[in-house]
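Examining the three-dimensional arrangement
The chain contents come next:
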2 protein chains.
Amino acid sequence: MGGPRFEPVRTVRAYERIVEQIEEAVETGTLTPGHRLPSERDLMAQFSVSRSTVREALRVLQARGLVRSRPGDPNGAEVLPFTPAALHKSMTTLARVDQLSLGELVGFRMTLDAAANLLAARLRTEAQLAEMDAAISAMRAAAGTGYDAFSAADVAFHDAVARASGNKLIQICTDVVRSIVLNLIAEKIAAAPDQDGLMRQSIRHHEEVLAAVRAGDGPLAARLSRQTMYDYYVTYVPAPERAALRALLD
Amino acid sequence: MGGPRFEPVRTVRAYERIVEQIEEAVETGTLTPGHRLPSERDLMAQFSVSRSTVREALRVLQARGLVRSRPGDPNGAEVLPFTPAALHKSMTTLARVDQLSLGELVGFRMTLDAAANLLAARLRTEAQLAEMDAAISAMRAAAGTGYDAFSAADVAFHDAVARASGNKLIQICTDVVRSIVLNLIAEKIAAAPDQDGLMRQSIRHHEEVLAAVRAGDGPLAARLSRQTMYDYYVTYVPAPERAALRALLD
DNA sequence: ATCCATTTGTACGTATGTATT
DNA sequence: AAATACATACGTACAAATGGA
């Protein structure tokens with residue numbers, strides 16, 4: 001009876017083993033940004049696989065944003081500092097193939113941006129307050145000149161808040177989702193009637209948010225930021241989805 | 001003066017062009033899950049590239065979770081339904097290389113889970129309430145038998161809430177971050193003293209949250225869920241990071 | 001500034017194990 | 001049970017690109 005309990009095996013591709021090993025080295029800090037990998041020929045010797053296998057592994061690592069290789073570079077592939085590019089890519093894919101609605105995206109932003117403001121109100125430094133101030137000034141300066149500069153300043157403000165929150169995950173996710181949202185409706189916003197009025201209203205709202213952050217009133221900052229974002233985007237959100245967004249407004 | 005404004009060109013690899021085309025087809029719905037790609041030999045003919053180039057493209061697409069290819073499959077690579085696996089992978093990488101702290105992860109979960117409860121309190125159906133009820137029952141049943149079953153039931157509850165929120169982005173992100181957090185501290189929780197007391201407390205908290213969701217009191221459900229998660233994880237979070245988590249508690 | 005050795009990008013042929021018919 | 005079509009992996013070859021002499 002009994003006998004050893006065997007487990008089902010899954011064949012694991014040769015290139016996967018290579019990816020795992022290099023990934024492990026990067027994630028444990030054995031390989032740090034700036035380090036160069038051995039050349040493809042050296043790697044095929046070290047792993048005792050063919051060049052194609054090495055290259056497939058490198059392509060996967062490159063797709064994950066861990067390394068970059070350039071033709072002719074005698075130093076081999078370069079280990080890159082982490083960027084949320086891969087995260088961005090998969091979230092964008094999610095938004096496209098899984099039919100993420102604008103309402104869901106905006107709701108997500110409202111949630112994370114409010115949390116960032118809540119935290120920033122407690123943790124912000126003077127320098128960070130100055131950054132937010134500068135961003136709003138830039139919004140004011142750009143209000144007349146066009147939507148692009150205004151949007152850039154708006155992004156700078158929200159990014160400053162996100163950084164001040166001290167939560168890198170919130171910062172990265174807000175950044176990713178914001179760019180997806182802007183990408184979805186940039187043209188609609190640019191074509192909106194009464195752009196000037198919208199910009200002025202947005203500036204006023206941002207000033208109120210900043211005042212709350214400066215005063216250290218996190219809950220107020222959070223509530224105002226949700227309202228600001230709701231007001232700014234609600235017209236582009238299909239009516240049936242608006243109820244969910246209003247549910248986020250306290 | 002003037003003249004045409006030329007833009008810097010970046011050489012784009014052959015395999016990248018293939019990835020772009022197939023990715024586009026998947027994201028626009030031209031290729032839907034279950035569809036088979038042509039065989040590698042057909043692809044090399046269609047794109048007029050070599051086999052290696054096709055394979056590197058397929059490796060990238062596979063790394064992004066869009067397709068899967070198996071040896072010997074007489075059909076080509078299979079187009080997969082979207083899974084957050086790639087998202088999970090990049091977030092895990094982020095957590096490891098960028099030293100994402102447990103405090104940041106828990107803060108993120110508190111934020112998203114609270115938002116999910118806020119929305120679920122408004123949008124939940126009777127069937128979803130029943131699922132949450134069943135999950136809490138499972139938690140009760142598992143409280144004596146061990147941590148694993150208890151944790152699974154706990155996950156089921158939070159997942160039911162996330163689904164009831166109607167926001168797929170919230171659902172997926174909570175799922176991803178939850179598994180990362182659990183992976184980080186599963187052993188610590190399993191080794192905690194007075195496990196039974198912690199489980200009983202957690203069950204009581206979950207019941208309160210569910211009551212609020214059932215009553216349609218979103219803000220209360222959100223506040224309780226934040227508190228529940230804070231209580232459950234705070235002992236594992238380094239003291240300096242706890243202030244930020246408390247800032248999220250209203 | 002030019003040339004050169006090396007490396008990457010790409011191509012092609014082949015062998016082998018596997019899944020489906 | 002055999003035949004077929006496929007993916008995996010290997011090896012070689014050449015062009016383009018890079019960094020350093």
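About the criteria used
Residues numbered from 1 in each chain as written. Chains lettered and ligands numbered in written order. Predicted model: local features only at pLDDT ≥ 70, side-chain atom pairs only at ≥ 80, totals over all residues. Heavy atoms only, no water. Helix = DSSP H or I, 4+ residues; strand = E, 2+ residues; numbered from the N terminus. Expected span 1.5 Å × (residues − 1). Buried < 20%, exposed > 50% of the residue type's maximum accessible area, 1.4 Å probe, protein only. UniProt positions renumbered as here; feature names shortened; annotations may be inferred. Disulfide = S-S within 2.5 Å. Near = heavy atom within 4 Å. Polar contact = N/O pair within 3.5 Å; in protein donor to acceptor, adjacent residues only side chain to side chain. Nonpolar A, V, L, I, M, F, W, Y, C, P; charged D, E, K, R; others polar. Salt bridge = Lys/Arg side-chain N within 4 Å of Asp/Glu carboxyl O.

**Some details on helix H7 (residues 147-164) of chain A**
At 3.6 residues per turn, the α-helix brings residues three or four places apart onto the same side. All names here are of chain A. Taking 1.5 Å as the rise per residue, H7 with 18 residues should run 26 Å; its terminal C-alpha atoms sit 26 Å apart, in good agreement. Buried within H7 are the following residues: Tyr147, Phe150, Ser151, Ala153, Asp154, Phe157, His158, Asp159, Ala160, Val161, Ala162 and Ala164. Where H7 ends, the next residue or the one after it, Gly166, has phi of about 75°, a positive value.

**Details of the UniProt feature "domain: HTH gntR-type" (unreviewed entry) in chain A**
Look at the UniProt record and you will see "domain: HTH gntR-type" (unreviewed entry) annotated at residues 12-82 of chain A. Secondary structure across residues 12-82 of chain A divides into 49% helix and 6% strand, with the first and last C-alpha atoms of the span separated by 26 Å.

**A word on the state of the cysteines**
Overall, the coordinates contain zero disulfides over all chains when judged by the stated rule. Of the cysteine sulfurs around Cys173 of chain A, a residue in no disulfide, the closest is that of Cys173 of chain B, at 5.3 Å. Judged by relative accessible area, which is 0%, Cys173 of chain A ranks as buried.

**Re the protein's contact with DNA strand C**
Near DNA strand C lie 25 residues; those nearest to it are Arg41 and Arg55 of chain A together with Ala14, Ser50 and Thr53 of chain B. Note that a phosphate oxygen of DNA strand C is positioned 3.5 Å from one of the backbone N or O atoms of Ser69 of chain A. At the level of secondary structure, the elements contributing two or more residues to the surface near DNA strand C comprise helix H2 (40-47) and helix H3 (51-63) of chain A together with helix H1 (14-27) and helix H3 (51-63) of chain B. When residues in the surface near DNA strand C are grouped by element, the largest group, three residues, is from H3 of chain A. The residue makeup of the surface near DNA strand C, split by class, is seven nonpolar, nine polar and nine charged.

**Describing the protein's contact with DNA strand D**
Around DNA strand D sit 26 residues, and of these Ala14, Ser50 and Thr53 of chain A together with Arg51 and Pro74 of chain B come closest. Near the protein, within 4 Å, the atoms of DNA strand D are sugar or phosphate in 70% of cases. At 2.8 Å from a phosphate oxygen of DNA strand D is found a main-chain nitrogen or oxygen belonging to Ala14 of chain A. Note that a phosphate oxygen of DNA strand D is positioned 3.5 Å from one of the backbone N or O atoms of Ser69 of chain B. Going through the elements one at a time, H3 of chain A together with helix H2 (40-47) and H3 of chain B are the ones with two or more residues in the surface near DNA strand D.

**Side note on the environment of Thr11 of chain B**
Tracing the chain through its elements places Thr11 of chain B in the segment before H1. Sequence spacing of Thr11 of chain B and Lys89 of chain B is 78 residues, and the spatial spacing of their C-alpha atoms is 28 Å.

**A word on the pattern of salt bridges**
When their charged atoms lie close together, side chains carrying opposite charge are able to pair. With the rule as written, the count across this model stands at 36 salt bridges over all chains. Residue Glu40 of chain B is joined to Arg55 of chain B by a salt bridge in which the shortest nitrogen-to-oxygen separation is 3.1 Å. Of this pair, Glu40 of chain B sits in helix H2 while Arg55 of chain B sits in helix H3; the two residues are 15 residues apart in sequence, bridging distant segments of the chain. Overall, the relative accessible area of 26% leaves Arg55 of chain B in the partly exposed class. Between Arg178 of chain B and Asp175 of chain B there is a salt bridge whose closest N-O contact spans 2.9 Å. With Arg178 of chain B and Asp175 of chain B both in helix H8 (residues 168-190) and three residues apart, the pair spans about one turn of that helix. Classification of Arg178 of chain B as buried rests on a relative accessible area of 4%. One salt-bridge network, held together by shared partners, links Glu40, Arg51, Arg55 and Arg59 of chain A together with Glu56 of chain B.

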